[in-house]
Amino acid sequence: MNDFLSFGGFLCLLLLFSNSKTKVDDGVCPSCDILKLKKTTEDTEPIESVDNEVLMDNFFSKTKKYSSKVFKIRPKQGKSWNVYPGMKNNKADIHIMNHTFTHLFSKQRNYFFDLKHKEKIRSAILQLFQTFGFKVEVQKFTAHSRIQRRGRLTEIEGRNLIGILQSDTYGKVGDRIIVVGAHYDTVYVNPGIEDNGSGSVLVLETARLLSQYAGRLNASIYFILFDQEESGLEGSLAFVREYFVPKIIEKQKAEYVGAFITDMCLTYDPEPNSQQIPRDFPTMVPEAADWISNNSFRGDFISIWARNADSFLGYAFQDAWNTLEPTQEYKLLLVRPPIEANAYNVPREHFFSMFYRSDHASFWSSALHNNETE
């Protein structure tokens with residue numbers, strides 16, 4: 001969850017990360033072949049912030065290991081439960097998304113609040129991945145959480161939910177990998193419709209839409225719903241350190257393209273002065289702050305955050321957005337914080353800024369950018 005969005009009317013937060021080996025001239029969008037179809041014969045309350053104490057310990061500990069196990073989920077016999085009406089709709093559908101909100105993300109998904117309900121939501125998400133025809137896995141890991149901010153830390157089991165849309169080179173050396181993720185857990189006191197039911201719904205709707213292109217994409221897409229973001233990004237850190245880097249990047253020799261992480265994507269307000277910005281925002285990203293000011297502080301835009309190393313993903317998304325939204329009724333702002341790829345050189349003021357308060361930071365902190373194993 002990100003404090004930036006608790007201030008006002010962002011439509012969405014989309015954070016982008018890439019392999020730092022990809023070199024892009026500043027301000028230039030490459031051929032944007034991040035994801036392409038292969039031709040076939042058929043068609044040519046106040047929002048609480050992340051627990052800083054736990055986050056700092058998790059983030060900067062090179063030696064911390066998550067006790068995690070990965071379980072493959074076999075398809076169930078018979079017809080899978082289908083939460084979506086009109087599954088064959090091949091366009092983003094607001095009715096389907098509202099249905100998902102109502103059935104899956106309208107109540108707390110917190111370990112201490114109602115574990116049985118959280119288990120029910122997990123099962124429903126996994127069945128959806130199966131309905132989409134994905135390879136489905138669950139990563140179980142040991143996490144630490146507390147009911148209240150100043151409460152005692154308790155060891156619990158977290159579960160990351162993984163659905164894989166396989167390319168025809170899946171599992172082979174050089175398979176291109178894209179991650180699309182969001183956290184599905186919540187704090188104890190908030191039902192989490194905005195934080196982060198909204199990001200989770202976007203991941204599931206994207207998964208539904210892309211599932212129709214199985215076997216026709218030039219990259220395998222890992223759709224991840226992370227657990228325990230609210231306790232210090234523990235789910236995404238466990239995914240990157242214990243699953244993604246050792247099992248996919250290093251063992252399978254896959255090519256990491258980048259990750260799209262969504263967090264708090266529901267708020268929208270076109271009225272002037274509906275969008276406030278944090279105190280350190282103008283100092284870190286003055287161009288973006290000026291853009292918001294010139295837009296009369298309206299909350300009528302989507303923001304994309306990408307460092308210099310990630311800029312080709314940001315420009316590709318920006319080009320696609322401008323093509324699909326030529327009227328600019330919904331605006332897009334590309335925010336480029338001055339943060340380097342080496343996670344262990346992060347200045348304290350950067351770490352405690354809004355730029356390190358969601359699951360994207362786990363990818364920024366990983367060996368994906370410096371070819372070093374933590």
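Everything below is about the structure shown above.
What comes next is a walk through the structure. Keep in mind that what you see is a predicted model, and the values were worked out from it rather than measured.

**Focus on the packing of aromatic side chains**
For any two aromatic rings, the description comes down to two numbers: the centre-to-centre distance and the angle of the planes. One pass over the full model with this rule turns up 17 aromatic pairs. Between Phe-226 and Phe-239, the ring centres sit 5.7 Å apart and the planes meet at 65°, which makes this aromatic pair edge-to-face. Here Phe-226 is found in strand 6 (residues 220–226), whereas its partner Phe-239 is found in helix 6 (residues 234–250), with 13 residues between them in sequence. The pair formed by Phe-226 and Phe-239 is uniform in burial state, with each residue classed as buried. Aromatic ring contacts, followed pair by pair, group Tyr-222, Phe-226, Phe-239, Tyr-243, Phe-244, Tyr-256 and Phe-363 into a single cluster.

**Quick notes on the nonpolar core**
Grouped together as the largest cluster of nonpolar side chains are 34 residues, with contacts concentrated most on Ile-125, Phe-129 and Phe-223. With six residues, the single largest contributor to this core is helix 4 (residues 115–131). Contacts of Phe-223, omitting those with residues within four sequence positions, involve Phe-129, Phe-134, Leu-161, Ile-162, Gly-163, Leu-165, Val-180, Val-203, Thr-206, Ala-207 and Leu-210. Within the second largest apolar cluster, 20 residues are counted, among which are Ile-162, Val-179, Phe-226 and Phe-244.

**A word on helix 9 (residues 311–324)**
Helix length check: helix 9, at 14 residues, gives a terminal C-alpha distance of 20 Å against a target of 20 Å (1.5 Å per residue), a fit within 8%. Every buried residue of helix 9 is listed here: Ser-311, Phe-312, Leu-313, Gly-314, Tyr-315, Ala-316 and Trp-321.

**Brief notes about the side chain of Asp-175**
With respect to the helices and strands, the residue Asp-175 is situated in the loop between strand 4 (154–165) and strand 5 (176–183). The contact partners of Asp-175, leaving out residues within four places of it in the chain, are Ser-167, Thr-169, Tyr-170, Ser-220, Ala-254 and Glu-255.

**Looking at the pairing of strand 8 (residues 301–305)**
Side chains on a regular strand alternate between the two faces of the sheet. Of all five residues that make up strand 8, five are buried, and the element is covered over most of its length. Side chains Phe-301, Ser-303 and Trp-305 project from strand 8 onto one buried face, and the interleaved Ile-302 and Ile-304 project onto a second face that is buried too. Pairing of strand 8 with strand 9 (residues 331–335) involves five bridges; the strand directions are parallel. For Ser-303, the partnering residue across the bridge sits in strand 9 and is Leu-333. Since strand 8 and strand 9 lie parallel, the crossover through helix 9 that links them has a hand, and here it is right-handed.

**Some words on a nonpolar patch on the surface**
A contiguous nonpolar patch, built from Phe-113, Tyr-188 and Val-189 and spanning about 240 Å² of accessible area, is present on the exposed surface. Relative to the assigned elements, Phe-113 resides in the loop between helix 3 (94–104) and helix 4.

**Things to note about unusual backbone geometry**
In the segment running from Asp-195 into Asn-196, the intervening peptide bond is cis, with an omega of 5°. When you line up the elements, Asn-196 lands in helix 5 (residues 193–210). Residue Phe-297 is not a glycine yet carries a positive backbone phi of 55°. Within the chain, Gln-328 stands out as a residue other than glycine whose phi angle is a positive 60°. Relative to the helices and strands, Gln-328 resides in the loop between helix 9 and strand 9.

Calculation criteria
- Residues numbered from 1 in each chain as written.
- Predicted model: local features only at pLDDT ≥ 70, side-chain atom pairs only at ≥ 80, totals over all residues.
- Heavy atoms only, no water.
- Phe/Tyr/Trp six-rings, centres within 6.5 Å; stacked < 30°, edge-to-face > 60°.
- Helix = DSSP H or I, 4+ residues; strand = E, 2+ residues; numbered from the N terminus.
- Buried < 20%, exposed > 50% of the residue type's maximum accessible area, 1.4 Å probe, protein only.
- Core = buried A, V, L, I, M, F, W, Y, C linked by side-chain atoms within 4.5 Å.
- Contact = heavy atoms within 4.5 Å.
- Expected span 1.5 Å × (residues − 1).
- Pairing = 2+ DSSP bridges.
- Right-handed = clockwise from strand over helix to strand, strands pointing away.
- Patch = residues over 30% accessible without salt bridge, like charges linked within 9 Å, V, L, I, M, F, W, Y side chains within 5 Å.
- Areas by Shrake-Rupley, 256 points an atom, 1.4 Å probe, with all protein chains shown as cover.
- Salt bridge = Lys/Arg side-chain N within 4 Å of Asp/Glu carboxyl O.

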